[in-house]
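Per-entry structural report
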Number of protein chains: 2
Amino acid sequence: MSQKTTQKSAVRAENERTILKAAEAVFADHGFRGATTGMIAERAGIPKANLHYYFPTKEALYRRVVEHIFNIWLDAANSFDESDDPVEALTAYISKKMDISREHPMGSKVWANEILHRAPVIQDYLETTLRDWTASRASVIERWIAQGRIAPIDPNALLYMIWATTQHYADFNHQIDTLNGGRPLSEEQFAEAKKTVIQIVLAGIGAAPVALARDASAQAAGETEAAE
Amino acid sequence: MSQKTTQKSAVRAENERTILKAAEAVFADHGFRGATTGMIAERAGIPKANLHYYFPTKEALYRRVVEHIFNIWLDAANSFDESDDPVEALTAYISKKMDISREHPMGSKVWANEILHRAPVIQDYLETTLRDWTASRASVIERWIAQGRIAPIDPNALLYMIWATTQHYADFNHQIDTLNGGRPLSEEQFAEAKKTVIQIVLAGIGAAPVALARDASAQAAGETEAAE
DNA sequence: AATGATCTTGACCGTTTGGTCAAGTGTTCA
DNA sequence: TGAACACTTGACCAAACGGTCAAGATCATT
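Rules used in this analysis
- Think of each chain on its own: its residues are numbered from 1, step by step along the sequence as written.
- Starting at A for chains and at 1 for ligands, labels are handed out in the order in which the entities are written.
- Per-residue local features are limited, in this predicted model, to residues with pLDDT of at least 70; the limit for side-chain atom pairs, both in listing and counting, is 80 or more; totals at the level of whole chains, interfaces and linings are taken over all residues.
- Side-chain measures were taken over the full set of non-hydrogen atoms in the model, leaving aside hydrogen atoms and water.
- Working definition: helices are DSSP H or I runs of at least four residues, strands are E runs of at least two. Numbering for both runs from the N terminus.
- For each residue, the accessible area found with a 1.4 Å probe, counting protein chains only, is set against the maximum for its type, and the residue is called buried under 20%, exposed over 50%, and partly exposed in between.
- Values of accessible area rely on a 1.4 Å probe in the Shrake-Rupley scheme; residue burial ignores everything except the protein chains shown.
- Overlaid copies result from least-squares superposition on C-alpha atoms, with residues included only where pLDDT is at least 70 in both.
- For every element, the axis is a line fit to its C-alpha atoms; helices are fit only across the contacting stretch, and the angle between N-to-C directions ranges from 0 to 180 degrees.
- Crossing chirality is assigned from the near helix's rotation relative to the far helix, an anticlockwise turn below a right angle marking it left-handed and a clockwise turn marking it right-handed.
- The contact criterion used throughout is that any non-hydrogen atoms of two residues lie within 4.5 Å.
- Residues were grouped as follows: Ala, Val, Leu, Ile, Met, Phe, Trp, Tyr, Cys and Pro as nonpolar; Asp, Glu, Lys and Arg as charged; and all remaining residues, including Gly, as polar.
- For this analysis, a ring pair means two rings from Phe, Tyr or Trp (six-membered ring only for Trp) whose centres lie within 6.5 Å, classed as stacked if their planes differ by under 30 degrees, edge-to-face if by over 60, and tilted for the remaining angles.
- A ring is considered to have a charge above it if a Lys NZ or an Arg CZ atom is located within 6 Å of its centre and within 35 degrees of its normal.
- By convention, the term buried area covers the 1.4 Å-probe accessible surface removed from two parts as they join, with the contributions of both added.
- What makes a salt bridge here is a side-chain nitrogen of Lys or Arg within 4 Å of a carboxyl oxygen of Asp or Glu, nothing more.
- For the purpose of counting charges, residues Lys and Arg are taken to be positive, whereas Asp and Glu are taken to be negative. His and the chain ends are not included.
- In protein, a polar contact means a hydrogen-donor-capable atom and an acceptor-capable atom, both N or O and within 3.5 Å, with residues adjacent in sequence counting only if both atoms are side-chain atoms; elsewhere, any N or O pair within 3.5 Å suffices.

Right, let's get into the overall build of chain A. Tallying secondary structure elements over chain A gives ten helices and zero strands in all. Across chain A, helices and strands are ordered from the amino to the carboxyl terminus as α-α-α-α-α-α-α-α-α-α. Each of the 228 residues in chain A was classed as buried or not, and the buried ones make up 52%. Summed over its atoms, the accessible surface of chain A is roughly 10,500 Å², and 51% of this surface lies on carbon and sulfur atoms.

So this is what it looks like as structure tokens:
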């Protein structure tokens, strides 16, 4: 009741969502060329012809998937600006990016695949939105350096290190799982990894103190007695 | 002259090398499914039927390419053990891995693609050679921690960070190039990136001192006067 | 009940792909 | 010279693929 064009759109919206979800998984598992519209349709539980009713071509469907990933990425990017303090800003940003890798591993894989193959579909995003964002955040990092709040390092290299490491937990999760005895990281293991990444980055740029195991002063961890 | 079975093998060896080189490039650019034997043959300058004379199936060819990459990886892995000192060992290892990313970007991409797609071809390597290597190096890192030579961090997370970051310069080089104005990193830029990666990792685990810009004491860099 | 619009689907088609094959060309060695 | 062997290649094939189509099902509106 009370729907006119809304009802039609509701069916469409629902079906598009189902298809996009299936497409993300299949594109992540098999890449663009490796994925077939038949596989995606099967996963979505609809005939292939129906899929082509909603998304005329495989490219159009893929583009929608990648755009969705990019929007999630942009959302995380904002958390970089939560504070002007390097410790707070980087902690928030890394934390958010790790969470995305944990919650949207398939999206990250699609993105990785796209870049790996020279970004045939989203080159324009790289040259506009991503380039602007990166340049502006690099200058923030430069300012922190000039203010003596962090060590003088190559800002881009720092950003790449953060991207690479956080996304590694999504893109290479199969390798990580295998090295973890074939099981996915537990919540505790993942939290520990996240903590380590943040710690290494912050200490690495001199934004946070480093605690050696023999240093009983800074942080009481409990493993201190292991030192011979 | 003086060749009997050598001559025949020489032709075979030469052709296999040519084909493998072409295959690495094509697999890196397009992934396993995206690559076609026709493309590889064309790139190698031979008819497709000739390629299938040397490599019966696309899978067999792919497996040979991946094995080649893995051997290069193993070579770098050895440099981890150059010294028992964390600074020396990690510097050598990171440096070597960065060099590989610079010199064999395509091999790295093939490997990334393989892991991304759940390692359908090289799962056995992950579960044997890679797992053993990782476990043994993790225990070396544990020992460094116990000895108080580095900060207490999750050893696996440290290794993943090194892998992710160094391989990022190969796997995501298209993105890096785009953010560098569409040009590949110069030798100087790459050297700077390498220096930054090593510095952040070493300082991040407390194995090397951190120099802030306002810290004129540790290392005289020249940018010190930028601090307000 | 009738109309028109949206949605569903099995059957189909042209193209591309991995791989085969048979007819060749060289090359070695007795 | 000629037989055995390794290599080369154009033509070909069955399977899989992205995409189309026409016929029907469903549903809001009149």
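The subject of this paragraph is the relation of the copies chain A and chain B. Overlay of chain A on chain B (RMSD 0.1 Å): rotation 180°, translation along the axis 0.0 Å. In symmetry terms, the pair is related by a two-fold rotation axis. By C-alpha distance to the rotation axis, the residue of chain A lying nearest is Gly204 of chain A, at 1.8 Å.

When two helices pack together, their arrangement is given by the angle between their axes and by how far apart the axes lie. All names here are of chain A. Where helix α7 (residues 123-146) meets helix α8 (residues 155-171), the axes come as close as 9 Å, and the angle between the chain directions of the two elements is 115°. Crossing of α7 against α8: the hand is right-handed. Of the residues in α8, those in contact with Leu130, Trp133, Thr134, Arg137, Ala138, Ile141 and Glu142 of α7 are Pro155, Asn156, Leu158, Leu159 and Trp163. Partitioned by chemical class, the residues of the contact of α7 with α8 number eight nonpolar, two polar and two charged.

Residue and element names in this part refer to chain B. Of note, Arg118 is a non-glycine position whose phi angle comes to about 70°, a positive value. Assignment of secondary structure puts Arg118 in the loop between α6 (105-116) and α7 (123-146). A positive phi is found at Ala119, a non-glycine position, where the angle reads about 50°. Mapping Ala119 onto the fold places it in the loop between α6 and α7.

The next thing to look at is the packing of aromatic side chains. Aromatic ring pairs are defined here through the distance separating the ring centres and the angle between the ring planes. Per the counting criterion, the structure on display carries 33 aromatic pairs over all chains. Measuring from centroid to centroid gives 6.1 Å for Tyr160 of chain A and Tyr169 of chain B, while their planes differ by 75°, and the two rings are edge-to-face. Of this pair, Tyr160 of chain A sits in helix α8 while Tyr169 of chain B sits in helix α8 (residues 155-171), placing the two residues on different chains. This pair shows no difference in class: Tyr160 of chain A is buried, exactly as Tyr169 of chain B is. Ring-pair connections join several aromatic residues into one group, and the members of that group are Phe70, Trp73, Phe80, Tyr93, Trp111, Tyr125, Trp133, Trp144, Tyr160 and Trp163 of chain A together with Tyr169 and Phe190 of chain B. One residue, Lys58 of chain A, lies across the ring of Phe32 of chain A, its end atom 4.6 Å from the ring centre.

The next point concerns the environment of Ile141 of chain B. All names here are of chain B. Positionally, Ile141 belongs in helix α7. Taking relative accessible area as the criterion, Ile141 reaches 0% and is therefore assigned buried. Sequence-distant contacts of Ile141, defined by excluding residues within four places in its chain, comprise Phe80, Ile150, Ile153, Pro155, Leu158 and Leu159.

Below, the discussion takes up the interface of chain A and chain B. Tallying the contact residues gives 70 residues for chain A and 70 residues for chain B. Taking both partners together, chain A and chain B bury about 6,000 Å²; carbon and sulfur atoms supply 64% of that area. For the pair chain A and chain B, the number of links is two salt bridges. Between Arg118 of chain B and Asp29 of chain A there is a salt bridge, with its nearest N and O atoms 3.3 Å apart. Looking at the side of chain A that touches chain B, the elements with two or more residues in it are α1 (5-34), α6 (105-116), α7, α8, α9 (173-179) and α10 (187-204) of chain A. Here the side of chain A that touches chain B gets eleven residues from one element, more than from any other, and that element is α8 of chain A. Classifying every residue of the side of chain A that touches chain B by side-chain character gives 36 nonpolar, 22 polar and twelve charged.

All names here are of chain B. Within the secondary structure, Asp177 sits in helix α9 (residues 173-179). One buried charged side chain, Asp177, makes no salt bridge at all; its nearest oppositely charged neighbour is Arg102, positioned 6.7 Å away. Asp177 has contacts with Gly182, Arg183, Pro184 and Leu185, leaving out every residue within four places of it along the chain.

Our next topic: the pattern of salt bridges. Residue and element names in this part refer to chain A. Summed over all chains, the structure comprises 24 salt bridges over all chains. The salt bridge partner of Arg12 is Glu16, with a shortest N-O separation of 3.2 Å. Here Glu16 and Arg12 lie together in helix α1, a separation of four residues that amounts to about one turn. Residues Asp124 and Arg63 are paired through a salt bridge, measuring 3.8 Å at the closest nitrogen-oxygen approach. Taken together, the residues span a long stretch of sequence, with Asp124 in helix α7 and Arg63 in helix α4 (residues 58-78) at a distance of 61 residues. Look at the salt bridges and you will find they share partners, linking Asp84, Asp85, Arg143 and Arg149 into a network.

Tracing the backbone through its elements, the reader meets Asp29 of chain A in helix α1. Look at Asp29 of chain A and you get buried, because its relative accessible area is 17%. Separated by 3.3 Å, the side chains of Asp29 of chain A and Arg118 of chain B make a polar contact. What Asp29 of chain A contacts, discounting residues up to four positions off in sequence, is His117 and Arg118 of chain B.

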